[in-house]
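Listed here are the chains, written in short residue letters.
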Amino acid sequence: MLSRIALRSVLARQSASTALVARTSATDVSGARDEVNFPRPVRGEPGKVRLGFIPEEWFQFFHSKTGVTGPYTFGVGLITYLFSKEIYVMEHEYYTGLSIFLIVYYGTKKMGPQVAAWLDKEVDSVEKSWNEGRLQTVKALEDAIANEKDSQWRAQGQELLIEAKKENVLLQLEAAYRERLMNAYQEVKRRLDYQLEKAALERRISQKNMVDWIVANVTKAITPDQEKQTLDRCIADLGALAARK
Amino acid sequence: MAIGDYPKEYKPAVHGPYDPARFYGKPDTPFGQLKLSEVGSWLARRNKSPAALMGACSRAWWRWQHKYMQPKRVNGAPFFQLLVGSMTFFYVINYGKIKHHRSYKYH
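Residues numbered from 1 in each chain as written. Chains lettered and ligands numbered in written order. Predicted model: local features only at pLDDT ≥ 70, side-chain atom pairs only at ≥ 80, totals over all residues. Heavy atoms only, no water.

Caption draft 1: How the structure looks around the confidence of the model for chain B. Residue and element names in this part refer to chain B. Averaged over every residue, the pLDDT of chain B is 88; the share at 70 or more is 99%. Across chain B, helix H4 (residues 77–93) holds the top mean pLDDT of 92, while helix H1 (residues 12–15) sits lowest at 86. What the predictor reports for the complex is a pTM of 0.58 with an ipTM of 0.74. (pLDDT = per-residue confidence, 0-100. Helix = DSSP H or I, 4+ residues; strand = E, 2+ residues; numbered from the N terminus.)

Caption draft 2: Region of the structure containing the UniProt feature "transmembrane region" (unreviewed entry) in chain B. Sequence positions flagged by UniProt for "transmembrane region" (unreviewed entry) are, in local numbering, residues 79–96 of chain B. Within the segment residues 79–96 of chain B, helix and strand shares are 94% and 0% respectively, and the terminal C-alpha atoms sit 27 Å apart. (UniProt positions renumbered as here; feature names shortened; annotations may be inferred.)

Caption draft 3: Summary view of the pattern of salt bridges. Under the criterion given, the structure shown has 15 salt bridges over all chains. In this structure, B:Arg73 and A:Asp120 form a salt bridge, with 3.5 Å as the shortest nitrogen-oxygen distance. In this pair, B:Arg73 is assigned in the loop between helix H3 (50–69) and H4 and A:Asp120 in helix H5 (residues 92–221), connecting two distinct chains. A:Glu174 serves as the salt-bridge partner of A:Arg178, at 3.0 Å between the closest nitrogen and oxygen. Note that A:Arg178 and A:Glu174 are positioned in helix H5 at a spacing of 4 residues, about one turn of the helix. Judged by its relative accessible area of 36%, A:Glu174 is partly exposed. One network of salt bridges, in which partners are shared, links A:Asp120, A:Asp124 and B:Arg73. (Salt bridge = Lys/Arg side-chain N within 4 Å of Asp/Glu carboxyl O. Buried < 20%, exposed > 50% of the residue type's maximum accessible area, 1.4 Å probe, protein only.)

Caption draft 4: Layout of H4(B). Along its 17 residues, H4(B) runs 24 Å from first to last C-alpha, staying within 8% of the 24 Å computed at 1.5 Å per residue. Along H4(B), the positions that sit buried rather than exposed are B:Ala77, B:Pro78, B:Gln81 and B:Tyr91. Seen along its axis, H4(B) keeps its buried residues to an arc of 155°; they face one direction. The secondary structure elements touched by the buried residues of H4(B) are strand E1 (49–50) and strand E2 (54–55) of chain A together with H3 and helix H5 (95–98) of chain B. (Expected span 1.5 Å × (residues − 1). Arc of directions from axis to C-beta. Contact = heavy atoms within 4.5 Å.)

Caption draft 5: Structural detail: the packing of H3(B) against H4(B). All names here are of chain B. It is the contact of H3 with H4, at a shortest axis distance of 9 Å, that shows an interaxial angle of 135°. Here H3 is positioned oblique relative to H4, judged by the angle of their axes. Residue-level inspection shows Trp64, Tyr68 and Met69 of H3 in contact with H4, the latter providing Pro78, Phe79, Gln81 and Leu82. In the contact of H3 with H4, the residues fall into 6 nonpolar, 1 polar and no charged. (Axes fitted to C-alpha atoms, helices over the stretch in contact; angles between N-to-C directions. Parallel < 35°, antiparallel > 145°, perpendicular 65-115°, else oblique. Nonpolar A, V, L, I, M, F, W, Y, C, P; charged D, E, K, R; others polar.)

Rendered as structure tokens:
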């Protein structure tokens, strides 16, 4: 009990870095994963067999030493030896075995392909059901990525739109500026025109007044004698003109 | 190495996921490639402790499983192998009784 407490205190005092170093040096010398000599196991096809159950490799083992018929010769020879020496005894169970072999052989030949097809179908359906969730997740994620790309594309369109709107506002500002400029010009022109008109009118009125005044004064200044003299003079002129004709 | 532990030679960092059909020690010449004269020394080099024997049986079992029973589309071979194997096994254990049914005295 006490020793355990002492060990615990030692472990607690040990710093994290030394613990890590100790662990890595303890597990492995080189430390790298050896993928060449120790690849990840893969699920292969079932091994090949001959005569229904004897591994193909056993025949291959014989081929280099005895040729292709060697393994069969060896098998037949071995069975003959076992029968001949009665190591394999042909008692009543032997004939039972023969009939069972016939039944199994017939059953395999007759129903094997159908059973195999049915089992393959079941295997496929089980594998499909196991894969379905994964494939659905992958598809959902791919859809999400496509949606995200689409919304990014839309956001770029929004930027274009904002750009166009800014340009539009600038155009409106320009139009307002020009309108005001035109307004100012017209106002100034109107005032100037007014001043011009006013000046012209004043001059005309003063001219008219002056003319009226002068005419009035002149008319006032004409005496009846002067009028008479002028009329006489006129008549004389008219007479002279008539005489010349 | 207690019961249920991985073999001493198995290092997860180097070997990756554990394959129960695989021998992780130093490989010797395969039995099928031996010459007859080398069989004796080959057998002498084998580790014959009970743990090693059990390990060999376990590897053989898993190698058979991976090769015949565990593939995706299994054929009838492993079942016929089981049938033949059990017939042989029961013939051997019953041989003491069966040999009384011999028909011939001299062979």
